[in-house]
Amino acid sequence: MTTPAPWDRIDGKVQAWHRDRLAVVYVRQSTPQQVIDHAESTRLQYGLTQRAVDLGWVLSRVLVIDEDLGHSASGVEDRPGFQRLVSEVGLDHVGLVLGIEMSRLARSGREWHQLLELCALSGALLADPDGVYDPAEHNDRMLLGLKGAISEAELHLIKQRMWNGRIGKARRGELAVPLPVGYLRRPDGQVVLDPDEQVQAVVRLVFGLFDELATINAVLSFLVDHGIQMGIRVREGPERGELVWRRPSRVGVQNMIRHPAYAGIYVYGRSRLDPRQRRAGRPFTGRVRRAREDWLVYLPGMLPAYIGLERHERNLERIEANRARAQSMGALRNGPALLPGLVFCGRCDARMVVRYQHGAGGKPWQIYECSRAKSDYGGELCQQLSGPCVDQYVTGLLMAAMAPAALEVSLAAAEQAQQRRAEVDRIWRQRLERADHAADRARRQYQLAEPENRLVVRELEKGWECALAERQQLGEDYDRFLACRPRLLTAAEREQIRALAADLSAIWRAPTTTGTDRKQLTRHLIDKVRLTVIGDSERVTVQVVWAGGHRTDGELIRPVGRLDQLSYYPQLATRARELADAGRSARAIAQILNEEGFRPPKRRDHFGTQGVRGLLQDLGCVSPHEQVIRRSAAPLDRHEWWPTELAREIGMPRVTLFGWIKRGWVTAHQQPDARRSWVVHADPAEIERLRRLHRQPRGRPARQAWLDHQQTTIIPNEEGTRRDDGQPHV
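On a predicted model such as this, the values are computed, not experimentally measured, just so you know. (Residues numbered from 1 in each chain as written. Predicted model: local features only at pLDDT ≥ 70, side-chain atom pairs only at ≥ 80, totals over all residues. Heavy atoms only, no water.)

**Focus: the overall build of the protein**
Next up, step 1: Per the secondary structure count, the protein includes 28 helices and 25 strands.
Next up, step 2: Long-range pairs, those at least 24 residues apart, make up 60% of the contacts in the protein between residues at least 6 apart in sequence.
Next up, step 3: When the accessible area of the protein is evaluated, it comes to approximately 42500 Å², of which 52% is carbon and sulfur surface. (Helix = DSSP H or I, 4+ residues; strand = E, 2+ residues; numbered from the N terminus. Contact = heavy atoms within 4.5 Å. Areas by Shrake-Rupley, 256 points an atom, 1.4 Å probe, with all protein chains shown as cover.)

Here you go:
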């Protein structure tokens, strides 16, 4: 006599209406490797189909959900099969859910109790080899809750044991972690440099280019322009360990420069998993980089190195400095400014930023300004000045500093260019050698095949022809590359480099010298440029801090917008009045001022006739012609002003007052004389208003006018009329 099976003893829980629904068999293995290694477990799970039939279900009403083979039960985001199961239960399509054990369904308490609640609401049963359970019954619900808690605790213990073993092995430097480009792991676990010479040459070229070009974008552009590819070892699949060549990418170059393995450092725990940043369907998302001091394992000298530790630290500092932040210089960018990231405010010691505005013909015009207080706290600009005058001053200092070493610089440049061309040419010749080997191997495979076996010979012949075509194409590409970039510097090129060394300014101004080249050279020689505008004048004190700590102090002249900003404006005004009182014409006054060394604002070379007339008008010096017009005009009434006299009374440029007249900001009328002269009406209160208007920041009147217009045209809600829907009407 045989002992009845558990599901035979408790058949009373299965009702007829349960059998009218589906019986779902849920099949899952945690990893793809378990699917391969634990085939017996998978077979037992599929065998639950027969048990459902034994419980009274028709085979056609048994649904097998196996989409989660190779997925862990620790989360629901990457388990489409479990999501499908929950949906079917919630739609009242399921009468019985079968699993080889409860841990197959879920190892998370939240997901497990969610499934139990749905089964209880829909009347579905759960079953495993131990029996059939009804989540709606208290005893079964308590037992199922205990099974779920045990399953979740078991997962925690498994993870804890695996983690302790992993971190212990990593602290000895024995844990096999994924290796970056240029490294290979032998069968005995030892990490060595990739035995392929071309792979090593490309890795060393990348680090050499970053030392020279200083930015990741420049390194990537060089690799693309010269047709250099990256050698990658396949990490998984049937071609695991094979070497493939792929085009370079920004992420690949950045990871190569950042990775500490190239400095011989074994690290583990550089990132952690943040569940909040995981994305459904993307199992490798959610990784967050840790700060360097939070790395779990840091073992220098454990791996063969391509670069030294100091060089690696210098590369990291350069990458950090290339970030566009207030604390760093930022990467080299397009634009005519020579000193972005190097200019500091002499008043508050904050880093000054570069702002561009378009001048005549759309040409960009750089301005250095200290806007930290304005951008962070809504205050005023600390100071600003035109950029070309600063760049020109610093350029003169650079030329003077480099002049003694011009010959050495030319020789070093020639040697560097020769070395870089040799490295690139060596990589190209290695690619040709690899193509020759592939063609020769295809030839030998074709010759070793039996001629009678045409099915094989035709395929080998096709492979041989393809290898020969690739070799021919690569050879033609190499010939074109040599035509554009010869392997060796010619005698004419060397002589040209030596000749240019005698005239550094010509090299600096040459069209072939890019703005990036000038900025890079400047950053190599200068650490900081501190600027301080003296008051609101044209004088600027400059302190240049050179690499190494030496300092050079000087003073430059910047362009200003108004005459009264000039430091010598009192002397200029006094001299102009003297000449005007002496009856000199505007042309004669301009000539005398130019001869005496006076210069107008905005750094023009000399005063012109129109400029002198404007100066005399601002000073209240009326020309003889205007004096005749005023004498012939009717006397002005009380509180009436000529524009020149009113501008002098307020302390503002005469041209600005005329602009206000055109905009209607002041009350004025024109006289019936030949020149249609303007007369302004302004009592003491009006004069005080105009003074306040002149002191307001630029753009404030336009903004205030818009606000005033909004207040007069928009009706407040509490006072507005109401429509039929009860909403205020504007």
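There is more to say, and it comes next.
**Focus on the packing of helix H10 (residues 197-213) against helix H11 (residues 216-225)**
Next up, step 1: As a packed pair, H10 and H11 sit with axes 9 Å apart at the nearest point and diverge in direction by 130°. By the criterion of interaxial angle, the relationship of H10 to H11 is oblique. Every pair of crossing elements has a handedness; the one defined by H10 and H11 is right-handed. Within the contact between the two elements, H10 uses Leu205, Val206, Leu209, Phe210 and Leu213 and H11 uses Ile216, Ala218, Val219, Phe222 and Leu223.
Next up, step 2: Considered class by class, the residues forming the contact of H10 with H11 number 10 nonpolar, no polar and no charged. (Axes fitted to C-alpha atoms, helices over the stretch in contact; angles between N-to-C directions. Parallel < 35°, antiparallel > 145°, perpendicular 65-115°, else oblique. Left-handed = near helix turned anticlockwise from the far one by under 90°. Nonpolar A, V, L, I, M, F, W, Y, C, P; charged D, E, K, R; others polar.)

**Overview of the environment of glycine 81**
Next up, step 1: With respect to the helices and strands, the residue glycine 81 is situated in helix H6 (residues 80-90).
Next up, step 2: Sequence spacing of glycine 81 and tyrosine 26 is 55 residues, and the spatial spacing of their C-alpha atoms is 8.0 Å.
Next up, step 3: In this structure glycine 81 touches Tyr26, Ile65, Glu67 and Asp68, once residues within four positions along its chain are discounted.

**As for the pairing of strand S20 (residues 551-557)**
Next up, step 1: Across 7 bridges, the pairing between strand S19 (residues 539-546) and S20 is antiparallel. Paired with arginine 539 across the two strands is isoleucine 557, which belongs to S20.
Next up, step 2: Taken together, S19 and the strand that follows it, S20, pair antiparallel across an intervening segment of 4 residues, in which glycine 548 is found at a positive phi of about 110°. (Pairing = 2+ DSSP bridges.)

**With respect to the sheet that holds strand S23 (residues 678-681)**
Next up, step 1: The strand order across the open sheet built from 3 strands is S21-S23-S22, with neighbouring strands paired in antiparallel fashion. Both edges of this open sheet fall to strand S21 (640-641) and strand S22 (667-670), since each of them pairs with a single strand only.
Next up, step 2: Across 2 bridges, S21 lies against S23 in antiparallel orientation. Considered in S23, the bridge of tryptophan 641 is made with valine 680.

**Description of the pattern of salt bridges**
Next up, step 1: By the definition in use, this model includes 24 salt bridges.
Next up, step 2: With a closest N to O distance of 3.7 Å, arginine 691 and glutamate 688 form a salt bridge. Here arginine 691 and its partner glutamate 688 are both found in helix H27 (residues 684-695), 3 residues apart, which amounts to about one turn of the helix.
Next up, step 3: What makes arginine 691 partly exposed here is its relative accessible area of 23%.
Next up, step 4: Take glutamate 688: its relative accessible area is 34%, and that puts it in the partly exposed class.
Next up, step 5: In the salt-bridge network here, residues are joined through shared partners; they are Asp128, Asp130 and Lys147. (Salt bridge = Lys/Arg side-chain N within 4 Å of Asp/Glu carboxyl O. Buried < 20%, exposed > 50% of the residue type's maximum accessible area, 1.4 Å probe, protein only.)

**Focus: the sheet that holds strand S1 (residues 22-29)**
Next up, step 1: The sheet built from 5 strands is open, its strands ordered S2-S1-S3-S4-S5 with mixed pairing. The open sheet has two edge strands with one neighbour each: strand S2 (62-69) and strand S5 (131-133). Taken pair by pair, the neighbouring strands of this sheet meet at an average axis angle of 25°, ignoring direction.
Next up, step 2: In the sheet, S1 pairs with S2 via 6 bridges, with the strands oriented parallel. Across the sheet, the residue bridging to alanine 23 is valine 62, located in S2.
Next up, step 3: Docked against the sheet, helix H4 (residues 39-46) engages S1 and S2, running at close to 175° with respect to S1.

**So, the side chain of threonine 395**
Next up, step 1: Looking at where threonine 395 falls in the secondary structure, it is placed in helix H15 (residues 387-402).
Next up, step 2: Take threonine 395: its relative accessible area is 15%, and that puts it in the buried class.
Next up, step 3: The contact partners of threonine 395, leaving out residues within four places of it in the chain, are Leu338 and Trp508.

**Here we look at the environment of glycine 308**
Next up, step 1: Residue position: glycine 308 is located in the loop between strand S13 (297-300) and helix H13 (309-321).
Next up, step 2: A C-alpha to C-alpha distance of 8.2 Å links glycine 308 and tyrosine 262, two positions 46 residues apart in sequence.

**Focus on the packing of H10 against H13**
Next up, step 1: Relative orientation of the contacting elements H10 and H13 amounts to 55°, with a least axis distance of 11 Å. Between H10 and H13, the interaxial angle falls into the category oblique. The two elements H10 and H13 meet at a crossing, and its hand is left-handed. Counting all contacts with H10, which are made through Phe207, Gly208, Phe210 and Asp211, the residues of H13 involved are Arg311, Asn315, Arg318 and Ile319.
Next up, step 2: In terms of residue class, the contact of H10 with H13 is made up of 3 nonpolar, 2 polar and 3 charged.

**Let's talk about the packing of aromatic side chains**
Next up, step 1: For the structure on display, the rule yields 10 aromatic pairs.
Next up, step 2: On the basis of an interplanar angle of 75° and a centroid distance of 6.4 Å, the ring pair of tyrosine 26 and phenylalanine 82 is categorised as edge-to-face. Taken as a pair, tyrosine 26 in strand S1 and phenylalanine 82 in helix H6 lie far apart in primary sequence, 56 residues in all.
Next up, step 3: Residue tyrosine 26 is classed as buried on the basis of its relative accessible area of 0%.
Next up, step 4: Of the residues examined, phenylalanine 82 reaches a relative accessible area of 1% and is grouped as buried.
Next up, step 5: Pairing tryptophan 428 with tyrosine 478 gives two aromatic rings, centres 6.0 Å apart and planes at 35°, and the pair type is tilted. (Phe/Tyr/Trp six-rings, centres within 6.5 Å; stacked < 30°, edge-to-face > 60°.)

**Here we look at the nonpolar core**
Next up, step 1: Counting 46 residues, the largest nonpolar core has Val206, Leu223, Val253 and Tyr262 as its most contacted members.
Next up, step 2: Among the elements of the structure, helix H9 (138-171), H10, H11, helix H12 (250-258), strand S10 (265-268), helix H16 (406-448) and helix H17 (454-484) are those that each provide at least two residues to this core.
Next up, step 3: Looking at which element gives the most residues to this core, the answer is H10, with 8 residues.
Next up, step 4: In contact with valine 253, other than residues within four places in its own chain, are Val206, Ile216, Val219, Leu220 and Leu223.
Next up, step 5: Residues Met352, Cys370, Val390 and Leu531 belong to the second largest nonpolar core, which totals 28 residues. (Core = buried A, V, L, I, M, F, W, Y, C linked by side-chain atoms within 4.5 Å.)

**Some details on H9**
Next up, step 1: The terminal C-alpha atoms of H9, which comprises 34 residues, lie 49 Å apart, in line with the 50 Å expected from a rise of 1.5 Å per residue.
Next up, step 2: One or two steps after H9, the chain reaches glycine 173, where phi turns positive at roughly 75°. (Expected span 1.5 Å × (residues − 1).)

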